[in-house]
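Residues per chain, in single letters:
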Amino acid sequence: MEQLRRKPRHWAAIIWWAIFGAAAGDISVFILPTRLTTGAWSIAIVLFVPLLAGLAAFLLSGWHRSRFACGYVFALAFILLRYWLVTQG
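Residues numbered from 1 in each chain as written. Predicted model: local features only at pLDDT ≥ 70, side-chain atom pairs only at ≥ 80, totals over all residues. Heavy atoms only, no water.

**Quick look at the overall build of the chain**
(1) Moving on: Each helix and strand in the chain was counted, giving 4 helices and 0 strands.
(2) Moving on: Order of helices (α) and strands (β) in the chain, N terminus to C terminus: α-α-α-α.
(3) Moving on: The long-range fraction of contacts in the chain, counting pairs at least 24 apart against all pairs at least 6 apart in sequence, stands at 73%. (Helix = DSSP H or I, 4+ residues; strand = E, 2+ residues; numbered from the N terminus. Contact = heavy atoms within 4.5 Å.)

**Some details on the packing of aromatic side chains**
(1) Moving on: If you walk through the whole model with that rule in mind, you get 5 aromatic pairs.
(2) Moving on: Every member of this aromatic cluster is reached through a ring pair, and the members are Trp17, Phe20, Phe74 and Phe78. (Phe/Tyr/Trp six-rings, centres within 6.5 Å; stacked < 30°, edge-to-face > 60°.)

**A closer look at the side chain of Arg82**
(1) Moving on: Mapped onto the secondary structure, Arg82 falls in helix H4 (residues 65–88).
(2) Moving on: Buried and without a salt bridge, Arg82 has Asp26 as its closest oppositely charged side chain, separated by 8.6 Å.
(3) Moving on: Filtering out sequence-adjacent residues up to four positions away, Arg82 remains in contact with Gly25, Ser28, Val29, Leu32, Thr34 and Leu36. (Buried < 20%, exposed > 50% of the residue type's maximum accessible area, 1.4 Å probe, protein only. Lys, Arg positive; Asp, Glu negative; His and termini not counted. Salt bridge = Lys/Arg side-chain N within 4 Å of Asp/Glu carboxyl O.)

**Things to note about helix H2 (residues 10–31)**
Helical periodicity: at 3.6 residues per turn, an α-helix aligns residues three or four positions apart in one direction.
(1) Moving on: Between its first and last C-alpha atoms H2 spans 31 Å; for 22 residues at 1.5 Å apiece the expected length is 32 Å, and the two agree.
(2) Moving on: Inspection of H2 places Ile14, Gly21, Gly25, Ser28 and Val29 among the buried residues, and these make up the whole buried set. Buried positions in H2, seen along its axis, are confined to an arc of 100° and lie on one side of it. In H2, the exposed residues that point more than 90 degrees away from the buried face are Ile15, Trp16, Ile27, Phe30 and Ile31. (Expected span 1.5 Å × (residues − 1). Arc of directions from axis to C-beta.)

**With respect to a nonpolar patch on the surface**
(1) Moving on: Residues Ile43, Leu47, Phe48, Leu51 and Tyr83 make up a contiguous nonpolar surface patch of about 470 Å² in total accessible area.
(2) Moving on: At 4 residues, helix H3 (residues 40–60) tops the list of elements feeding residues into the nonpolar patch.
(3) Moving on: Its location among the elements puts Phe48 in helix H3. (Patch = residues over 30% accessible without salt bridge, like charges linked within 9 Å, V, L, I, M, F, W, Y side chains within 5 Å. Areas by Shrake-Rupley, 256 points an atom, 1.4 Å probe, with all protein chains shown as cover.)

**Quick look at H3**
(1) Moving on: With 21 residues, H3 extends 30 Å from end C-alpha to end C-alpha; this agrees with the ideal 30 Å at 1.5 Å per step.
(2) Moving on: The largest bend in H3 amounts to roughly 30° and is located at Val46, with the proline Pro50 lying one to four residues further along.
(3) Moving on: Three or more residues of H3 are buried, namely Ser42, Val46, Pro50, Gly54 and Phe58.
(4) Moving on: With its phi angle positive at about 85°, Gly62 sits one or two positions after the end of H3. (Bend = angle between axes of the 7 residues up to and from the residue.)

**Topic: the layout of surface pockets**
(1) Moving on: The volume enclosed by the largest pocket comes to roughly 220 Å³.
(2) Moving on: Lining of the largest pocket is provided by Thr34, Arg35, Leu36, Thr37, Ser42, Ile45, Val46, Ile79, Arg82, Tyr83, Val86 and Thr87.
(3) Moving on: With 5 residues, the top contributor of residues to the lining of the largest pocket is H4.
(4) Moving on: For the lining of the largest pocket, the class distribution of residues is 6 nonpolar, 4 polar and 2 charged. (1 Å grid on protein atoms, 1.4 Å probe; cavity = no way out; pocket = protein on both sides within 12 Å on 5 of 7 lines; lining within 4 Å. Points joined across faces, edges and corners; volume = space filled by probe spheres on them. Nonpolar A, V, L, I, M, F, W, Y, C, P; charged D, E, K, R; others polar.)

Printed below as a string of structure tokens:
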């Protein structure tokens, strides 16, 4: 019974989604190693795509706030790692 009363560990889920997003971003660089956008669009995408992904996860999950964080962190890790790897290479 005590296991059923424990609070979910949202931080652990967020960390795993960040790791998964970074891994997916790394794999995407191997598939498509070029930049998809240039200039101001790159910054706009880095800022707004994670917000849109978090919003989509929030809406699709039945209005759970933790889902927004998971979607946001996944997209942010994905896009930041991809942006960094592509601009370094």
